[in-house]
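Read off the chains here:
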Amino acid sequence: MLMCRDLAEIASDYIDGELNGRQNLSVKMHLMMCKDCRTFIGNLRASSNLLSAHSSGKADEEFLRRIDERVAEALSVRKNKCSDSE
Amino acid sequence: MNTAVQPESEASLIEDLKRGDSTAYRRAVREYSPGMLAVARFYLDHSSAEEIVQDCWVTVIDAVQKFEGRSGLKTWLHRIVANRCKNRLRTAKREVATDFSETLEPELANRFNSTGRWDLPPKLQFHDSADTLMENGALSDCLDKHLSTLPETQRSALMLYEAHQHKSDDVCNILDVSASNLRVLLHRARQKIFLMVETFQETGEC
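Conventions we followed
Residues numbered from 1 in each chain as written. Chains lettered and ligands numbered in written order. Predicted model: local features only at pLDDT ≥ 70, side-chain atom pairs only at ≥ 80, totals over all residues. Heavy atoms only, no water. Core = buried A, V, L, I, M, F, W, Y, C linked by side-chain atoms within 4.5 Å. Buried < 20%, exposed > 50% of the residue type's maximum accessible area, 1.4 Å probe, protein only. Helix = DSSP H or I, 4+ residues; strand = E, 2+ residues; numbered from the N terminus. Contact = heavy atoms within 4.5 Å. Salt bridge = Lys/Arg side-chain N within 4 Å of Asp/Glu carboxyl O. Buried area = accessible area lost by both parts, 1.4 Å probe. Polar contact = N/O pair within 3.5 Å; in protein donor to acceptor, adjacent residues only side chain to side chain.

Draft legend 1. Spotlight on the nonpolar core. Residues and elements named next belong to chain B. Residues Tyr 25, Trp 57 and Leu 73 are the most contacted members of the largest nonpolar core, which totals 87 residues. Broken down by element, the residue count for this core peaks at 11 residues, all from helix 2 (residues 22-43). Residue contacts for Leu 73: discarding those within four places in its chain leaves Glu 10, Leu 13, Ile 14, Leu 17, Tyr 32 and Phe 67.

Draft legend 2. Broad picture of the pattern of salt bridges. Residue and element names in this part refer to chain B. Throughout the structure, instances matching the rule amount to 24 salt bridges over all chains. Close ionic contact of Arg 70 with Glu 68 constitutes a salt bridge, the shortest N to O distance being 2.6 Å. The residue Glu 162 makes a salt bridge to Arg 190 at a minimum N-O spacing of 2.7 Å. Pair noted here: Glu 162 is in helix 8 (residues 152-163) and Arg 190 is in helix 10 (residues 179-203), with a separation of 28 residues, a long-range link.

Draft legend 3. Looking closely at the interface of chain A and chain B. Taken residue by residue, the interface counts 45 residues in chain A and 55 residues in chain B. Of the roughly 4,600 Å² buried between chain A and chain B, counting both surfaces, carbon and sulfur atoms make up 63%. Considering only the surface of chain A that becomes buried against chain B, Leu 50, Leu 51 and His 54 of chain A emerge as the three largest contributors, covering 14% of it. One salt bridge connects Asp 55 of chain B with Arg 70 of chain A, and the closest N-O pair in it is separated by 3.0 Å. Inspection of the chain A/chain B interface yields 20 residue pairs in polar contact (both at pLDDT 80 or more). Listed by contribution, the elements that provide at least two residues to the side of chain A that touches chain B are helix 1 (4-9), helix 2 (11-15), helix 4 (35-53) and helix 5 (61-85) of chain A. For the side of chain A that touches chain B, the element with the most residues is helix 4 of chain A, which contributes 14 residues.

What follows is the structure in structure tokens.
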């Protein structure tokens, strides 16, 4: 029988639909009987949604400006090369 | 909030990049660099990762001419970064150290008794939707703080899967981890975020 700890171990796989049919069924059966695990799964799912809603990672503006400079430089070299070959 | 470039505008962005349009590059750099940095940070320290991302953008100027769009632009860029990082590690003969042996965070594992039942079950239900939770500035700051303390391997996997919405196969390919190891990385990282939100909701402290 699936215990609460076992369920906690595979909780992300359940949320992401990565379990096989038999495992999925035993998680569902356990969740029907166990309020604590229902709360846990709900909260873990909320944590996952929270991360999706959170910014997809911010890069600092100084870093982005340095990339802009490198790109601008490389674009101008490329442009000059192209006009030389024309 | 989904600000990702939509397929039709991605096609026109690619055309603009191929023409060497500097405005298109500025837009693409802002859109894709955070994800590229997340990939590089899986393999390298912060300053080497930033250096690799800068180098990759320079490479992209020529490489994009041959880009046929078989994968999305984001996946293509992430693969370029991953390959560069792997090459650098190969040269330096270093490997990424990762621990895939435990699926439960110790702090969570300690909340079960010897029969495998909850000793300290979760008390509160996270009622609010993710968007409502994110409107709480203090929680958002707390999340940033915790994300920055995650091991790089967990954070990169989490960012690519959750925030950049890559499919599992793509994440495995980009980070060079097996599907089962990716599952461990994701689960460990999510548990840490769960524990953080729980503490925040119970105590109001980060």
